[in-house]
Amino acid sequence: MRLEGFRLHEVEMPLAFPFETSFGREVLRRCLVLSVESGGVQGHGECVAAREPLYSAETTGTAWHVLTEFFLPALLGVEVASPEEVPRRLAGWRGHPMAKAAVEAAVWDLVGRLRGASLSRLLGGTRPQVEVGVSLGLEPTLDALLARIEAYRGQGYRRIKVKVKPGWDLEVVSAIRARFGVDLPLSVDANGAYGLEDAAHLQGLDRHGLAMIEQPLAPDDLVDHAELARRLATPICLDESIRHAQDARQALNLGACRVINIKAARVGGLTEALRIHDLCRARGVPVWCGGMLETGVGRAANLALASLPGFVLPSDLSESRRYYAEDLATPPATLGPGGRMVVPSGPGLGVEVREEVLRARSLRSTRLP
Ligand code: OSB
Ligand code: MG
C-alpha cells in the first residue's frame, strides 16, 4: 500500500482521576494522534509521549518535531509491503521510540483495515480476552489508596499495582496486606525512585509476597538491578530499562529481572515488542503489557498485543472510564467477568476514532501533503 497522507493532532485529555507517580502528577494528559491514509482507508496510532520528559526523554513536543520534520516526510508517498517496513525505514534516526511506534501503529491499523483482519490476528494473538490489572498512582493518604483498591478489587481487576517511592512503600504495602490479606495479587512500581543503597530497605518488601517490584532503580542501571535481584526474594520486573530486544536479552543474561513489562511505545513499535515477546517466550520469561494512560486508540493496540501467548500475567489495561470521562475511541474498553477484557476483533484496531472528540480536544493539527 502507498502511504498517501498523514494527519497529526496534539490533544489534551482531562483524566478522570489525577495520576501521580514518583516523578510527578498528571491531571491533563497530552498525547498525539496520527492518522495515515491509503486508498480512502485510514489507520490510527497514538503517540504516548507526555507533556514533560519525566518517564523518558521524549515529549509531545519532541515527537511532533521528529514526526513532522523527519519521519512523516520520509514515508509520504512510499509504497510499503508490510508494517515491519516502517521501523526499517526509520532505523537510521536514533532514539524517539514513542514517535516511531506511533507511525508503526497507524500503519498496522491501516493494514488490518485494508485486509479485513484484526490487529490481534495480524500480530499472532491467540486469546479473545485478556486478564487485566489496575495501576494505582500515589494518593494523598493511605485511606484514600485503600478505598481505591477496595473499589477496583470489587470491579474484578486481577492484580493491583501501586506506585511506590521512598517514604511511601513498606507501610503502604503492610497496610494493604493487613486490609486485603495475602491472597490479593499485588505488585509495586517505583519508576526508578531507588538506588542500590536502598537494597536493605527494599528487602522489607520480601515478606509481603509481592508478584513483583517494577523498575526499582534508574533506567540505565542494568548492572545494579542484577545486584539488587541477588539481594531480593521479590521478582524484579523491568519497564523503563528495556528499550529493545537487545536490552531484554542482556537484562535476562545478567539476571537483572525475571519479568518484563512490554510497552510497544517504549521499544519503538509493535515489531520490536514482538521480538521481545518471542525472546521471553523462548526463555520461559513471563511478560505483560504495560500502559501509558492511553486513550481508546492506544489501548486497543495494547489489547491486541496482550492477546499474544507469552503475555501470561495480567496487563495494565483498565476500563476507559478509569482514565477518561470522554474517550477518543468507541466502543469504550470495559471489564468483563473474571477481570478480563475482550480483545477487539474488528478490522485493524477494531475501534473507531470519535472525530468530534478528537477535534474538540485538539490543541494543534497538521497534515501532509
Ligand atoms: O510506569 O507503568 C508505568 C503510566 C504513565 C507512565 C508510566 C507508567 C504508567 C502506569 C499506568 O503505570 C498504566 C496504565 O496505563 O494503566
Ligand atoms: Mg512502570
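Nothing here was measured: the structure is a model prediction, and the numbers come from that model.

Let's talk about the packing of aromatic side chains
Counted by the stated rule, this structure contains four aromatic pairs. Plain terms: the ring middles of Tyr 152 and Tyr 157 are 5.7 Å apart, the flat faces sit at 75° to each other, and that makes the pair edge-to-face. Ring-pair connections join several aromatic residues into one group, and the members of that group are Phe 70, Phe 71 and Trp 93. Seen from the ring of Tyr 152, Arg 322 lies directly overhead, with NZ or CZ sitting 5.6 Å from the centre. Over the face of the ring belonging to Tyr 323 we find Arg 322, whose NZ or CZ atom lies 5.1 Å from the ring centre.

Thoughts on the layout of surface pockets
In this model, the largest pocket occupies a volume close to 700 Å³. Forming the boundary of the largest pocket are 31 residues, of which Gly 95, Pro 97, Arg 243, Arg 266 and Val 267 lie nearest the centre. Partitioning the lining of the largest pocket into residue classes produces 11 nonpolar, nine polar and 11 charged. Residues lining the lining of the largest pocket come from more than one domain, with at least three contributed by each of domain 1 (5–116 + 353–368) and domain 2 (121–342). Every residue lining the second largest pocket is counted, 35 residues in all, and those nearest its centre are Phe 19, Phe 23, Glu 26, Ala 50 and Leu 293. With seven residues, the top contributor of residues to the lining of the second largest pocket is strand β2 (residues 24–38). Looking at the lining of the second largest pocket, its residues break down into 13 nonpolar, seven polar and 15 charged. Two domains each donate at least three residues to the lining of the second largest pocket, and these are domain 1 (5–116 + 353–368) and domain 2 (121–342).

Structural notes on the domain arrangement of the protein
Along its sequence, the protein is organised into domain 1 (5–116 + 353–368) and domain 2 (121–342). For domain 1 and domain 2, the distance between their C-alpha centroids amounts to 23 Å. Taken together, the 37 residues of domain 1 in the interface contact 41 residues of domain 2. With both sides pooled, the region where domain 1 packs onto domain 2 buries about 3300 Å², and carbon together with sulfur makes up 66% of that total. In this assembly, domain 1 and domain 2 are joined by one salt bridge. Put simply, Glu 326 and Arg 361 hold a salt bridge, and the shortest N to O gap is 3.5 Å. Scanning the region where domain 1 abuts domain 2 turns up 16 residue pairs in polar contact (both at pLDDT 80 or more). Contributing elements (two or more residues each) for the side of domain 1 that touches domain 2: β1 (5–21), β2, β3 (41–47), α3 (97–115) and α13 (355–361). Tallying contributions element by element places α3 first for the side of domain 1 that touches domain 2, with 10 residues.

A look at the coordination of the magnesium ion (ligand 2)
Protein-derived ligands of the magnesium ion (ligand 2) are Asp 189 (OD), Glu 214 (OE) and Asp 239 (OD), with the metal-ligand distances lying across 2.1 to 2.3 Å. The sequence pattern describing where the donors of the magnesium ion (ligand 2) fall on their chain is D-x24-E-x24-D. In this pair, Asp 189 is assigned in strand β6 (residues 186–189) and Glu 214 in strand β7 (residues 213–214), connecting sequence segments 25 residues apart. Each member of the pair, Asp 189 as well as Glu 214, carries the same accessibility label: buried.

About the criteria used
- Residues numbered from 1 in each chain as written.
- Chains lettered and ligands numbered in written order.
- Predicted model: local features only at pLDDT ≥ 70, side-chain atom pairs only at ≥ 80, totals over all residues.
- Heavy atoms only, no water.
- Phe/Tyr/Trp six-rings, centres within 6.5 Å; stacked < 30°, edge-to-face > 60°.
- Lys NZ or Arg CZ within 6 Å of the ring centre and 35° of its normal.
- 1 Å grid on protein atoms, 1.4 Å probe; cavity = no way out; pocket = protein on both sides within 12 Å on 5 of 7 lines; lining within 4 Å.
- Points joined across faces, edges and corners; volume = space filled by probe spheres on them.
- Nonpolar A, V, L, I, M, F, W, Y, C, P; charged D, E, K, R; others polar.
- Domains from an automatic or database assignment.
- Helix = DSSP H or I, 4+ residues; strand = E, 2+ residues; numbered from the N terminus.
- Contact = heavy atoms within 4.5 Å.
- Buried area = accessible area lost by both parts, 1.4 Å probe.
- Salt bridge = Lys/Arg side-chain N within 4 Å of Asp/Glu carboxyl O.
- Polar contact = N/O pair within 3.5 Å; in protein donor to acceptor, adjacent residues only side chain to side chain.
- Donors = N, O, S within 2.8 Å, 3.2 Å for Na, K, Ca; no water.
- Buried < 20%, exposed > 50% of the residue type's maximum accessible area, 1.4 Å probe, protein only.

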